[in-house]
Amino acid sequence: MIIKFTELKLENFKVHEDLKVKFGDLTKIFADNGKGKSTIPESICWLLYGTDTLGSKLDPTPITYEAEQTLVQLLLSVNNKAILLGRGLKKGKAAQYFINEVPSKAKDFNEMVEKLFDRNLFLSLFNPSYFPKLHWEKQREMILQYVPSPANKEVLKELLPTQSELLGNLLKKHSLEDIKKIHSSNKTNLDKKYIAAQSRTKTLKEQLDQLPKEVAPLDSLKAELSQIDKQVRELEKQYDHSADVNREYNIVSAEIQSLQDQIDISKHNWIPLKNEVIDECCKTCKRPLDEESIEAVKEDKEKRMEQYKANHNALLKKRLELREKLNEMEYIDNNELMEKIKKLNASGQPLREAVQKYSQFERLQKQVNEAEQEEKATLESLNESILILDTIKEYKAKEADLQAEKVQSLFTTLSVRLFKQNKGDGEQKPDFEIMMDDKPYSKLSLSESIRAGLELRDVLSTQSDIVTPTFVDNAESITKFKEPNGQLIICKVVAGQELKIEVDGE
Ligand SMILES: Nc1ncnc2c1ncn2[C@@H]1O[C@H](COP(=O)(O)OP(=O)(O)O)[C@@H](O)[C@H]1O
Ligand SMILES: [Mg+2]
């Protein structure tokens, strides 16, 4: 895009009551101080944006004379297409806007201008002092928009092969920023986890150290113990058998005892029966009984005595039989066996305790091993995250170098610093500074800063492919400079000179 100014008309704009400026490839404005040279480029910025050449709000209403209306009109061409823009201020009224002489709304006018060219870009191209006054972030953004950041592949090539492989693989899945987030948070967590793992290993080792070292190995202890348990079980079997035998014997003994009791009771009943008197009178009416009845009573007694004898003898016979049976039965004395079992069991007790202790030792040993493994694994992932974070730092440094190189290649005499090193973590932090001969822009003399500004605006113009007029104010302070690519307007102080405008190359 090529923008050219053709003609500027000022009415009652600050000192200029009525001024017409025709522009050429080179337009020279000569005058003594205070004659209104700088006001000319300023009026163009006011027309477009309502500001001065540095972008600050401006009211150009004359203060040294009375005027009804301030009006600026600029005939310009954009890619050879002519446009006439106008902005006016009527006393006490809202601003007026004109596009090709048609009164327009502020919104339409501003939209039209903004569509032609970006405000910051135009002001930077038109006024070489504008860009260096912008905030460094804006300056950086404007320059970097023309310099694509280096591709991952390009940066990886600059790293050591191991670093390049490590990060290259991670970049297949995540962005660099995400990898950084993941591993920063990993590192924080793993730092804590590692400390915890170390203290757990230490505690478990201390517990293990407190257990006796000279414990027999578990297998031989268990073998010995099972030998004892086996013997105990065998003896218990014998004991159970003896108990079964003795139970049978005791049952028969108890039966004999029960018979003995019955025999004793029976014996006791014999005497009263034998001595029973035969009554000769009736038991109820006391009348003497006859012969026959007496005989019957006698017979009854005889009968009962017979019965008693039979009964008693049966008991005696049964007792005899049982006694004979008992004589043939076995009774085993198992008290000694019981004692033996108790003793044997007791002999196994220390072994049992030893087995328990050794199991505890083994369990603790296993826990120590696990804790050591965990500690090692944690340290490994921690180191991995640290390595990745260091590699990212390295990557960013290389990326910054590459980007700086690319940006630098746009300039001929200036150097541009895009990063500065963070004091804390040594990381590259975005920054922006223009340097000329190792001096920052802010420290340059007027002539140096004009030269620097011209080089900057040329880079922006080349990169954006927009050519605009440039004005160099205070051109008397600079002996020689490289001419910008578009129209040039220079303002020069000449002592005692009234405002004079010369046009070359028209
Ligand atoms: N609103 C205004 N009305 C009238 N004169 C003004 C106004 N604002 C500034 N001036 C004066 O205009 C004169 C011209 O300024 P300037 O364009 O900077 O001159 P030069 O660049 O030629 O030295 C100065 O003397 C300044 O005081
Ligand atoms: Mg001036």
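Residues numbered from 1 in each chain as written. Chains lettered and ligands numbered in written order. Predicted model: local features only at pLDDT ≥ 70, side-chain atom pairs only at ≥ 80, totals over all residues. Heavy atoms only, no water.

S.K.: Got a minute to help me understand the packing of helix α3 (residues 119-126) against helix α11 (residues 446-464) in this structure?
M.R.: The interhelical angle for the contact between α3 and α11, taken along N-to-C directions, is 130 degrees, at an axis separation of 8 Å. Considering their axes alone, α3 and α11 lie oblique with respect to each other. Read as a crossing pair, α3 and α11 show a hand that is left-handed. Side by side, α3 and α11 meet where Leu121, Ser124 and Leu125 of the first sit next to Arg457, Leu460, Ser461 and Ser464 of the second. (Axes fitted to C-alpha atoms, helices over the stretch in contact; angles between N-to-C directions. Helix = DSSP H or I, 4+ residues; strand = E, 2+ residues; numbered from the N terminus. Parallel < 35°, antiparallel > 145°, perpendicular 65-115°, else oblique. Left-handed = near helix turned anticlockwise from the far one by under 90°. Contact = heavy atoms within 4.5 Å.)

S.K.: Hey, could you run me through the packing of helix α8 (residues 218-274) against helix α9 (residues 291-328) in this one?
M.R.: Pairs of packed helices are described in terms of their axes, by the angle between the two and the distance that separates them. In contact at an axis separation of 9 Å, α8 and α9 are set at 160 degrees when each is read in the N-to-C sense. Viewed along their axes, α8 and α9 adopt a mutual orientation that is roughly antiparallel. Crossing hand, α8 versus α9: left-handed. Residues of the contact of α8 with α9, tallied by class, amount to 13 nonpolar, six polar and 10 charged. (Nonpolar A, V, L, I, M, F, W, Y, C, P; charged D, E, K, R; others polar.)

S.K.: Just to check I follow, could you spell out the sheet that holds strand β5 (residues 81-90) for this structure?
M.R.: In sheet architecture, strand pairing relies on hydrogen bonds along the backbone and comes in two forms, parallel and antiparallel. Judged by pairing direction, the sheet is antiparallel, and its six strands sit side by side in the order β2-β1-β4-β5-β6-β7 without closing on themselves. Of all strands in the sheet, those bounded by a partner on one side alone are β2 (16-22) and β7 (102-104). Going across the sheet, the axis of each strand differs from the next one's by a mean of 20 degrees, ignoring polarity. Looking at chain direction, strand β4 (residues 69-78) and β5 are connected through 10 bridges and run antiparallel. Directly across from Leu75, in β5, lies its bridge partner Leu84. (Pairing = 2+ DSSP bridges.)

S.K.: It is not clear to me how the sheet that holds strand β13 (residues 500-504) should be interpreted in this structure. Could you clarify?
M.R.: What the four strands build is an open sheet, ordered β11-β12-β3-β13; its pairing is mixed. What marks the edges here is a single partner per strand, and that holds for β11 (470-472) and β13. Pairwise comparison of adjacent strand axes, ignoring direction, gives a mean angle of 15 degrees for this sheet. In this structure, strand β3 (residues 26-31) lies alongside strand β12 (residues 488-493), joined through six bridges in parallel fashion. Bridge pairing links Thr27 to Ile489 in β12.

S.K.: How do you make sense of the nonpolar core when you look at a structure like this?
M.R.: By size, the foremost hydrophobic cluster in this structure holds 63 residues, and its most contacted members are Phe5, Leu8, Leu85 and Phe131. It is helix α1 (residues 39-49) that contributes the most residues to this core, seven residues altogether. With residues up to four places along the chain from it excluded, the contact list for Phe131 reads Ser124, Gln139, Met142, Ile143, Phe432, Ile434, Leu456 and Leu460. Grouped together as the second largest cluster of nonpolar side chains are 19 residues, Leu204, Leu221, Val355 and Leu364 included. (Core = buried A, V, L, I, M, F, W, Y, C linked by side-chain atoms within 4.5 Å. Buried < 20%, exposed > 50% of the residue type's maximum accessible area, 1.4 Å probe, protein only.)

By themselves these figures say nothing about function.
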